[in-house]
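A closer look at the structure
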Number of protein chains: 2
Amino acid sequence: MKCSVCENPATIKIERHRAKFCEYHFIEHIHRQVERVIRHFKMFAREDKIGLAVSGGKDSMSGWKILRDMGYKVVGIHINMGFGEYSERSAEIVQNFSVKENLELSLYKIEDVLGFDFATAMNVTRKPPCSLCGSLKRYILNQIANDLSLDVLATGHNLDDESAFLLGNVLYWKEGYLRRQYPVLQPEGNMVKKVKPFVRLTDDDMRNYAHVSGIEFYSGKCPNARDVTTYVYKDVLNDLEHNFNDIKTHFYFGFLKHSHLFKEPSLDVSIHKSVHYCPVCGYKTLNEGKCLVCSIKEKVSSDLSHNQ
Amino acid sequence: MKCSVCENPATIKIERHRAKFCEYHFIEHIHRQVERVIRHFKMFAREDKIGLAVSGGKDSMSGWKILRDMGYKVVGIHINMGFGEYSERSAEIVQNFSVKENLELSLYKIEDVLGFDFATAMNVTRKPPCSLCGSLKRYILNQIANDLSLDVLATGHNLDDESAFLLGNVLYWKEGYLRRQYPVLQPEGNMVKKVKPFVRLTDDDMRNYAHVSGIEFYSGKCPNARDVTTYVYKDVLNDLEHNFNDIKTHFYFGFLKHSHLFKEPSLDVSIHKSVHYCPVCGYKTLNEGKCLVCSIKEKVSSDLSHNQ
């Protein structure tokens, strides 16, 4: 098996591009895919300061090195959610990698940023754990991005993540999510610009990149994770990909081309819920009154004063 | 296992409705599902003369008896496409069933209606066989419906068929098909109204109905069939249904609720190809000039005169 570019022995095959690469040209290919997304969606420029949410998993660890090696100014942001050994191990792997690769890193603990821990948040809300964790992390990331005066916040979501999410949204015609699913969210008020530069890469690409680059990543399973939905959708899309080459790319990028359809005036009143900004912190929210985090803070301080 | 309605022993379980039925109440349930669709989509009334395309398979054979037993005036229309033993056996099964159940039947051969056979049509067009066969059958059915002064043409498409078709259209964002996929097509010019009254029933429902009603149907595979796409989509949807109860119904009926989205002005110019009517026969077509059938007729007669 020869590299599609240089005739050296190929070690990585990318079925959907009908291409085989040596390690050098695989990395070049990955960089080209990412650059294409960054430019097409006008995500950020060389001079921008980019924050990348880094969990310790294959996507964010590979993405961190990719962006830096491509010449972008990127700082990894790791949030320790306090999930025991899982969180400790994740933080350790992220820190070791930042030292080894000389990557800039900012580490935070949930309670240091928000003033309460995850268990407390679980007690005072009725959200399922994965949904609550996601909401809190998005809030923390936005706050940190403002504190550090970052130009843009990036996440490691790849094509498998986005097409699985899209499949769920389409199967249940979740009009509100379909309206918002896009690899760039423009800044608004104190909401920082958000981007997903890795949407042309798959789980396999990210895993191969980590392997080729000698990146140690964490593949432990979050002890709070309950939601297997994404795995079901990913399996189904992999089955489809097996039958119809590159269908994930067609599905996701075809959707992006047609996303104007979901911007049209809708008959579904639930998605017209007016968006407003939290009167305390200015965070964008669909809640009436305070945002989720400020509501939790209020509840926690009222419980505290009751117990005194 | 007891019937959810009458406490008699249940023989049929319908997982997605979390219901179990004895044979009597299963049939009642099936009739109710079909009646619900007919009324909701204003498909037809008791006094209307309905033509049902009857292939000899489980869906059309069950559907034929269902409509008649519900009190509708239905005539089965069977088209013999001349595919050797497959077609002979299909026609025989349809005829036997019409005699046994005293169902009205009209039988046709492709060459008697169109003046050419399928092999000839294949020779003069470049369409894949399944696509060509579908186009010709739709043309023949419409012509017969006009000849017999029918009010409406029905087909046996069920929820599995429609949700599989929808999945393919959504995965590739086939905007033109998404725009037109609806269980009722209104009459236009000499195009007869077309309806799909069985879209609330699954492959299993149809198979169970046939079994309970002692219907012998034909499950032979068409010797010309090349396209396995539908089977892949059906398998995927069955996998999803296994994980998420009743997801096919959510997916298909959710789409119908949101179908207004696809009626909006589009950026895709290819679907704005103007529809017009064939100058020879008046059939609706996307072709410029004559429709597919009239083009084939023209080609055949010009080939004949060349060879004389």
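Fair warning: this is a prediction, and the values are worked out from it, not measured in the lab.

**A few points about helix H6 (residues 129–147) of chain B**
With 19 residues, H6(B) extends 27 Å between its outermost C-alpha atoms, agreeing within 8% with the 27 Å of an ideal straight helix rising 1.5 Å per residue. The complete set of buried residues in H6(B) reads B:Pro129, B:Leu132, B:Cys133, B:Gly134, B:Ser135, B:Leu136, B:Tyr139, B:Ile140, B:Leu141, B:Asn142, B:Ile144 and B:Ala145.

**Details of the relation of the copies chain A and chain B**
Here chain A sits on chain B after a turn of 180° about the axis and a move of 0.0 Å along it, with an RMSD of 0.0 Å. Look at the turn and shift together and you get a two-fold axis relating the two.

**Observations concerning the sheet that holds strand S4 (residues 73–80) of chain B**
All names here are of chain B. Taken together, the six strands give an open sheet; going across it, the order is S5-S4-S3-S6-S8-S7, and neighbouring strands pair in mixed fashion. At either end of the open sheet lies a strand with only one pairing partner, and these are strand S5 (104–109) and strand S7 (184–185). Relative to S4, strand S3 (residues 49–53) runs parallel, the two sharing five bridges. Its bridge partner lying in S4, alanine 53 is registered against isoleucine 77. Helix-sheet contacts for H6 involve S3, S4, S5, strand S6 (152–154) and strand S8 (193–195), and the interaxial angle to S4 is about 135°.

**As for the interface of chain A and chain B**
Listed by partner, the interface residues are 28 residues for chain A and 28 residues for chain B. Both sides of the chain A and chain B interface together cover about 2,700 Å² of buried area, and 75% of this is carbon and sulfur. Among the residues of chain A in contact with chain B, A:Leu171, A:Trp173 and A:Leu261 are the three that bury the most area, contributing 26% of the side total. Scanning the region where chain A abuts chain B turns up zero salt bridges. Of all the elements in the fold, those that place two or more residues in the side of chain A that touches chain B are helix H7 (159–171), helix H10 (229–243) and helix H11 (247–257) of chain A. Top element by residues in the side of chain A that touches chain B is H10(A). It accounts for eight residues.

**Examining unusual backbone geometry**
Residue and element names in this part refer to chain B. The phi angle at asparagine 102 is positive, at roughly 55°, despite the residue not being glycine. Residue placement: asparagine 102 occurs in the loop between helix H3 (84–101) and S5. Despite not being glycine, serine 149 has its phi angle at roughly 50°, a positive value. Among the structural elements, serine 149 can be located in the loop between H6 and S6.

**Quick look at the sheet that holds strand S4 (residues 73–80) of chain A**
All names here are of chain A. Read from one edge to the other, the open sheet built from six strands follows the order S5-S4-S3-S6-S8-S7, with strand pairing classed as mixed. Among the strands making up the open sheet, the edge pair consists of strand S5 (104–109) and strand S7 (184–185). As paired elements, strand S6 (residues 152–154) and strand S8 (residues 193–195) share three bridges and run parallel to each other. Looking across to S8, one finds that valine 152 is bridged to lysine 193. Helix H2 (residues 58–69) rests against strand S3 (49–53), S4 and S5 of the sheet, and its axis sits at about 160° to S4. Relative to S4, helix H6 (residues 129–147) is tilted by about 135°, and along the sheet it contacts S3, S4, S5, S6 and S8.

**Here we look at the pairing of S3(A)**
Here is the key point about a regular strand: its side chains alternate between the two faces of the sheet. Residues and elements named next belong to chain A. Judged by how many residues are buried, S3 sits mostly within the fold: four of five residues are covered. In terms of handedness, the path from S3 via H2 over to S4 forms a crossover that is right-handed. With three bridges joining them, S3 and S6 adopt parallel strand pairing. Bridge pairing in S6 places leucine 52 opposite alanine 154.

About the criteria used
Residues numbered from 1 in each chain as written. Chains lettered and ligands numbered in written order. Predicted model: local features only at pLDDT ≥ 70, side-chain atom pairs only at ≥ 80, totals over all residues. Heavy atoms only, no water. Helix = DSSP H or I, 4+ residues; strand = E, 2+ residues; numbered from the N terminus. Expected span 1.5 Å × (residues − 1). Buried < 20%, exposed > 50% of the residue type's maximum accessible area, 1.4 Å probe, protein only. Least-squares fit on C-alpha atoms with pLDDT ≥ 70 in both. Pairing = 2+ DSSP bridges. Contact = heavy atoms within 4.5 Å. Axes fitted to C-alpha atoms, helices over the stretch in contact; angles between N-to-C directions. Buried area = accessible area lost by both parts, 1.4 Å probe. Salt bridge = Lys/Arg side-chain N within 4 Å of Asp/Glu carboxyl O. Right-handed = clockwise from strand over helix to strand, strands pointing away.

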